[in-house]
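# Structural overview
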Number of protein chains: 4
Amino acid sequence: MNRFSAGGSFGITVFGESHGEMIGVVVDGVPAGIPLSEFDFEKDLARRRSGAAGTTPRTESDTPHLVSGIYNGHTTGAPLAIVFYNSNTRSGDYEGLQNTPRPSHADRVAGVKFGGWNDPRGGGHFSGRLTLTLVAAGVIAKKIIGDNVKFNTRISQIGTETDSTKFDAVIAAALADGDSVGGRVECSVSGVPTGIGEPFFDSLESVASHLLFSIPAVKGVSFGAGFDVVNRRGIENNDLIINTEGTTETNNDGGINGGISNGNPICVSVAFKPTASISKKQEFIHLDSGEREIKSIKGRHDACIALRGAVVVESVMAITLASLGLKA
Amino acid sequence: MNRFSAGGSFGITVFGESHGEMIGVVVDGVPAGIPLSEFDFEKDLARRRSGAAGTTPRTESDTPHLVSGIYNGHTTGAPLAIVFYNSNTRSGDYEGLQNTPRPSHADRVAGVKFGGWNDPRGGGHFSGRLTLTLVAAGVIAKKIIGDNVKFNTRISQIGTETDSTKFDAVIAAALADGDSVGGRVECSVSGVPTGIGEPFFDSLESVASHLLFSIPAVKGVSFGAGFDVVNRRGIENNDLIINTEGTTETNNDGGINGGISNGNPICVSVAFKPTASISKKQEFIHLDSGEREIKSIKGRHDACIALRGAVVVESVMAITLASLGLKA
Amino acid sequence: MNRFSAGGSFGITVFGESHGEMIGVVVDGVPAGIPLSEFDFEKDLARRRSGAAGTTPRTESDTPHLVSGIYNGHTTGAPLAIVFYNSNTRSGDYEGLQNTPRPSHADRVAGVKFGGWNDPRGGGHFSGRLTLTLVAAGVIAKKIIGDNVKFNTRISQIGTETDSTKFDAVIAAALADGDSVGGRVECSVSGVPTGIGEPFFDSLESVASHLLFSIPAVKGVSFGAGFDVVNRRGIENNDLIINTEGTTETNNDGGINGGISNGNPICVSVAFKPTASISKKQEFIHLDSGEREIKSIKGRHDACIALRGAVVVESVMAITLASLGLKA
Amino acid sequence: MNRFSAGGSFGITVFGESHGEMIGVVVDGVPAGIPLSEFDFEKDLARRRSGAAGTTPRTESDTPHLVSGIYNGHTTGAPLAIVFYNSNTRSGDYEGLQNTPRPSHADRVAGVKFGGWNDPRGGGHFSGRLTLTLVAAGVIAKKIIGDNVKFNTRISQIGTETDSTKFDAVIAAALADGDSVGGRVECSVSGVPTGIGEPFFDSLESVASHLLFSIPAVKGVSFGAGFDVVNRRGIENNDLIINTEGTTETNNDGGINGGISNGNPICVSVAFKPTASISKKQEFIHLDSGEREIKSIKGRHDACIALRGAVVVESVMAITLASLGLKA
């Protein structure tokens, strides 16, 4: 499905391909009367935009067009559609992907699943460019959940490096090698009241992870102490409640018990794999002949997709909260 | 929502509480004509059953009753309802949870969310007992996806120990201290053809993680190399395709590209936190007075919930595949 | 799907067969703290119960069992499951339906759709007995939408007769012939505020008709002036607004504009066909041989299913309103 | 919700307003490899187009733009988005609707529901212009269900007239009076195999009526003999099966038993009310003052919306069948 909803009124529907005419998102369940303009998207879109070291030099057309659901500068209660026109595409870079699929890319699975009819240009519908629509939907979601909810999002690790002052060097080294590098994004969300999320299938973790794993290149999601909980005893890991508001001494549960927010910051950690597209030579197989070939992937690539992924993670957390009914 | 569906015909709806009359699951979208009897559930239910060291000594009533959707020993195509009657419950153990909520439990959030009307006995609807319904649904899902799909599920770590021959000792030590310990479950699923899963919101990772995080005590989910991808360069992490069937040299992507199975084993890793209920003394707060008290949690507890969680993880992976349309 | 939801938190999932162990409904999205007991169901279940002239003399087991979602006499916020045990079933009456399907029944389509694996006893999952679950869910829905909403439900026509004082005679005449007769149910719902329903796919008419046409034997649904609107000019049919609260002079629109309630009574009219099961001799075909046979359908049948259908229509209207978010 | 799906992979999401930049539909679950071009839409769009007597003289911009999900002239398996740019709009005609809502229009309910923030221009999101998206989605649906499925759609009645040779005169008379007139559309769908539809909540009638009642101005929907079943005895109404393929002697059930197609033509009848917008003078109320005023509605109006509704009904029946899984 290209629609996500957690069973409440808020839902998003995405469409588009990297090299098609436009990509877009339809956001449903937006309350009427929220002030909104294209300017509101600028800050988060800029965080995702290319240009920084480690991100692709392609200048994307990332101006949002609000084509429905808005009137006199306010949301109307009708579905809000936001589109982004594509431009500056160089289709020629992506020829031949169907027969010599790129390692760790969707090229081959898309070809098999769709019988060869998929649009291969720039990854088609699988392109990371579609995360633009998640950021746009996240801006709407943030308006709905309100300013009391604060996001603290950061890159906590790139490669084996956890000192942020050295991230540029790690990326530069990867770029110099025509290679890429993985990264980890941490997002802490404060100001969420107790009670958001449902037991079982709409647990806060379930909804958040569902959306997070829809972001290309994400391979791990954890909350609170995450995989460290495995190493621990209960007495170490339990979060003691220290006051009648439910504040806890530690936050190993990442602000969530039984799938429901407990009023403490919601903490999520997300692992992004190194960009699969690298200039470094790799071995490819020709699906028609079985022949092998060693070659580079041409085109413009991000060295560390986590850099641009950070704001996408944050956007998705906002969508999660709006989907679960949080309102300002 | 108490229903999960990935947008296809297969869906599950769960209900019940730890100390109510019965718990159950309604499984929708089951093809007609599948041979099925209550005997088919025995193997997986036994894997979840209590009794082993580290699991609660409570003898649960875990006999499945197939109350609809079955006729002459075969599925009929109508919704399949499976119920488990509760018995051997000792409600008295759980008095007072509303005012002195257990650390890292759902007691407080449930009380707040449901205005104090929630059933507190044994965790009510939040109880791990409801995972019985996931295992039962998993048995149906396995029948649908067929015998070619093989599950290899194991505990890979308990506490800091990764040598399975020493797990008993780790658990015994925790039990001796009135404490609990975390665990990690790995599940590898082979025999899944290329093409299962959808780009974006029904990616295989999205659907699997949605269900996995609905299992109580799960705090992390990763696929393939998981969080290790952060440390890597692209050239290390990329999975080279070595034949025309799409077999890869390595499986860092855990059998999934672009959200879609690539024909290699699907590998998932799940972190279970140490059981929050421990006998060891902890500090509690009285929500009415703000007073603090140091006490033990009475009752019967699993020392390592991951032990019983392993088959639940496997069941959930089967449900994921059936939900995404895999059929024998 | 055996689940219905209009995209909000309220949803219902039904299961069961006429001659299985039990039938049931799981109601999701019920607010916590609503007083509820099995006694609350008695009035509406009695309206549906057999025994009146024109209804089957079979004494059904229609005692509701609230098996989850209730604690201390109040809803808990967890899914509410209600089951009805089956009894007094005479399976022998229904042998041979697979080969000589009854005219205007689901026997043949069920056999084809489910490859002959469907439960044929008493219509199996297609049985009108499952409307018991709709009435039970309607009782919950009425509690949610509150006492300000009043239902005025009546049989307006049986056969060609519209004078209710003569309905008994019409039914007695049909019974005397071993035949059945159609009926029309009108339901007017007052006290619904302006604003319930959504433009397009969750219009009040869409949601109501979706549920109404799930009731066996319903072949027509209309709102307000219904099919009479065809005969009219706009100037006759338009409902003039006569005060600032939106009261209209006439109610040809049946209380709904643009899919949304306008504050005037919501008026729906539902056509029930004559019961397809009749004692009168009819021609049957043997599907294996193509041979024809003239025979009676044995068993106990309602002469006018609309009689019992009236409370089902009302229940479904309550479910519609709860599904669209109306709360007391 | 602005999305419709019957629980299978096919789904549609609509957006847009009469006087916004564009309206559109995202169609999900379209199989890959279907030949498709903008030319394929021409025939059905022309049937809906304005210009005939009784339809508004406004020349709408109804050229479809396929902006995603298509590559090299074939569907790709990715979501298919189709947009229509708006043009030739005269916003000035619709000023003041918020305070003096038109009788039998959505003006007042939209204002109340959305707190006055709705886009009132041309009915905004409630505009009949959005049926363009249903026709476009219907074209896709027809491609999916294949050429064996044949639609026979006609206007069977306009006003009290059932002789189609006299329809023009009926409409001309209404136009001459500045008035409008109702109409009835009959659609018969042949070539649908036995087995499409589900018991209860996804009955063929439920899904079809859900969509049909989302079409503006529809007030009644019936199948087969429709409301005439009320007048009948069972022996008259039952459809005898006359051969082993399931052909029936009569088709009072409209090709559907137990919610499932029985192989006979599916027959639906739809009542459209007279266009609510008429030039004839009517009394309006000023919501701010309670003052009454007699005036005409300015602007260009269809005299008989059923004329353009016919192809919309047919499109919606195609969407119904695709939603329920029918494939060529």
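The paragraphs below set out a description of the structure included in this document.

The rules behind the values
- Residues numbered from 1 in each chain as written.
- Chains lettered and ligands numbered in written order.
- Predicted model: local features only at pLDDT ≥ 70, side-chain atom pairs only at ≥ 80, totals over all residues.
- Heavy atoms only, no water.
- Pairing = 2+ DSSP bridges.
- Helix = DSSP H or I, 4+ residues; strand = E, 2+ residues; numbered from the N terminus.
- Axes fitted to C-alpha atoms, helices over the stretch in contact; angles between N-to-C directions.
- Contact = heavy atoms within 4.5 Å.
- Buried area = accessible area lost by both parts, 1.4 Å probe.
- Salt bridge = Lys/Arg side-chain N within 4 Å of Asp/Glu carboxyl O.
- Nonpolar A, V, L, I, M, F, W, Y, C, P; charged D, E, K, R; others polar.
- Least-squares fit on C-alpha atoms with pLDDT ≥ 70 in both.
- Parallel < 35°, antiparallel > 145°, perpendicular 65-115°, else oblique.
- Left-handed = near helix turned anticlockwise from the far one by under 90°.
- Phe/Tyr/Trp six-rings, centres within 6.5 Å; stacked < 30°, edge-to-face > 60°.
- Buried < 20%, exposed > 50% of the residue type's maximum accessible area, 1.4 Å probe, protein only.
- Expected span 1.5 Å × (residues − 1).
- Bend = angle between axes of the 7 residues up to and from the residue.
- Core = buried A, V, L, I, M, F, W, Y, C linked by side-chain atoms within 4.5 Å.

Attention now goes to the sheet that holds strand S8 (residues 150-158) of chain C. The antiparallel open sheet is built from eight strands, whose spatial order is S8(C)-S9(C)-S13(C)-S10(C)-S10(D)-S13(D)-S9(D)-S8(D). Strands with a single pairing partner mark the edges of an open sheet, and in this sheet they are S8 of chain C together with strand S8 (150-158) of chain D. Neighbour to neighbour, the strand axes of the sheet diverge by 15° on average, direction disregarded. For strand S10 (residues 218-223) of chain D and strand S13 (residues 266-272) of chain D, the ladder comprises five bridges, and the chain directions are antiparallel. Directly across from Phe 223 of chain D, in S13 of chain D, lies its bridge partner Val 268 of chain D.

A separate point is the sheet that holds strand S2 (residues 11-15) of chain C. Residue and element names in this part refer to chain C. Strand order in the open sheet made by the five strands is S1-S2-S3-S7-S4, with antiparallel pairing throughout. Here the strands that pair on one side only, and so sit at the sheet edges, are strand S1 (3-5) and strand S4 (65-68). For this sheet, the mean angle separating the axes of adjacent strands, direction not counted, is 20°. Relative to strand S3 (residues 22-28), S2 runs antiparallel, the two being bridged by five bridges. Following the sheet pairing, Gly 11 is matched in S3 by Asp 28. Along the sheet face, helix H3 (residues 131-145) touches S2, S3 and strand S7 (80-85) and points at about 30° away from the line of S3.

Moving on, we come to the interface of chain B and chain A. With 103 residues of chain B in contact, the opposing surface of chain A contributes 104 residues. Of the roughly 8300 Å² buried between chain B and chain A on both sides combined, carbon and sulfur atoms contribute 61%. For chain B, the biggest contributors to the area lost against chain A are Phe 200, Phe 201 and Lys 219 of chain B; these three give 12% of the whole. Counting across the chain B and chain A interface gives 10 salt bridges. When residues in the side of chain B that touches chain A are grouped by element, the largest group, six residues, is from strand S10 (residues 218-223) of chain B. Per-class residue counts for the side of chain B that touches chain A are 43 nonpolar, 40 polar and 20 charged. Strand direction decides the pairing type here: strand S10 (residues 218-223) of chain A and S10 of chain B, joined by three bridges, are antiparallel. Along S10 of chain B, the bridge assignment pairs Val 221 of chain A with Val 221 of chain B.

Quick look at the pairing of strand S15 (residues 292-295) of chain A now. Residue and element names in this part refer to chain A. Where strand S14 (residues 282-285) meets S15, four bridges bridge the pair, whose relative direction is antiparallel. Along S15, the bridge assignment pairs Ile 285 with Arg 292. Between S14 and the antiparallel strand that follows it, S15, lie six residues; Gly 290 among them carries a positive phi value of about 80°.

On to the relation of the copies chain B and chain A. The transformation that overlays chain B on chain A combines an axial shift of 0.0 Å with a rotation of 180°, and the residual RMSD is 0.0 Å. When the rotation and shift are considered jointly, the pair of chain copies conforms to a two-fold rotation axis. When the interface residues of chain B are mapped onto chain A, 100% of them again lie at the interface, so the same face is used by both copies.

Attention now moves to the packing of helix H3 (residues 131-145) of chain D against helix H7 (residues 305-323) of chain D. Residue and element names in this part refer to chain D. Remark: H3 packs on H7, axes separated minimally by 7 Å, with the N-to-C direction vectors making an angle of 45°. In terms of their interaxial angle, H3 and H7 are classed as oblique. You can see that H3 and H7 cross each other, and the crossing is left-handed. Here Thr 131, Leu 134, Val 135, Ala 137, Gly 138, Ala 141, Lys 142 and Ile 145 of H3 lie close against H7, whose contacting residues are Val 311, Val 312, Glu 314, Ser 315, Val 316, Ala 318, Ile 319, Leu 321 and Ala 322. A per-class count over the contact of H3 with H7 returns 12 nonpolar, three polar and two charged.

Our next topic: the packing of aromatic side chains. Applying the stated criterion across every chain yields a total of 14 aromatic pairs over all chains. Geometrically, the ring pair formed by Phe 4 of chain A and Phe 201 of chain B is tilted, given 6.1 Å between the ring centres and 55° between the ring planes. Remark: Phe 201 of chain B occurs in the loop between strand S9 (183-190) and helix H5 (204-212) and Phe 4 of chain A occurs in strand S1 (residues 3-5); the pair is interchain, linking two chains. Consider the rings of Phe 223 of chain C and Phe 213 of chain D, whose centres lie 5.1 Å apart with planes at 85°: the pair is edge-to-face. One end of the pair, Phe 223 of chain C, is in strand S10 (residues 218-223); the other, Phe 213 of chain D, is in the loop between helix H5 (204-212) and S10, on a second chain. Both residues of the pair, Phe 223 of chain C and Phe 213 of chain D, belong to the buried class. A connected cluster of aromatic rings, assembled from ring pairs, spans Phe 4 of chain A together with Phe 200 and Phe 201 of chain B.

Residue and element names in this part refer to chain D. For H7, which comprises 19 residues, the first-to-last C-alpha distance of 26 Å matches the rise-based estimate of 27 Å (1.5 Å per residue) to within 8%. Maximal helix bending in H7 amounts to about 25°, located at Val 311. The buried fraction of H7 is high, at 17 of 19 residues. Where H7 terminates, the next one or two residues include Gly 325, which has phi positive at roughly 95°.

So, on to H5 of chain D. The buried count for H5 of chain D comes to nine of nine residues, which makes it a mostly enclosed element. Of all the positions in H5 of chain D, only Leu 204, Glu 205, Ser 206, Val 207, Ala 208, Ser 209, His 210, Leu 211 and Leu 212 of chain D are classed as buried.

Ile 12, Leu 212 and Leu 321 of chain C together with Ile 12, Leu 212 and Leu 321 of chain D are the most contacted members of the largest nonpolar core, which has 148 residues in total. Other than its neighbours up to four places away in sequence, Leu 212 of chain D contacts Val 218, Val 221, Val 268, Val 270, Val 313, Val 316 and Met 317 of chain D. By size, the runner-up hydrophobic cluster in this structure holds 147 residues, among which are Leu 130 and Ile 171 of chain A together with Val 313 and Leu 321 of chain B.

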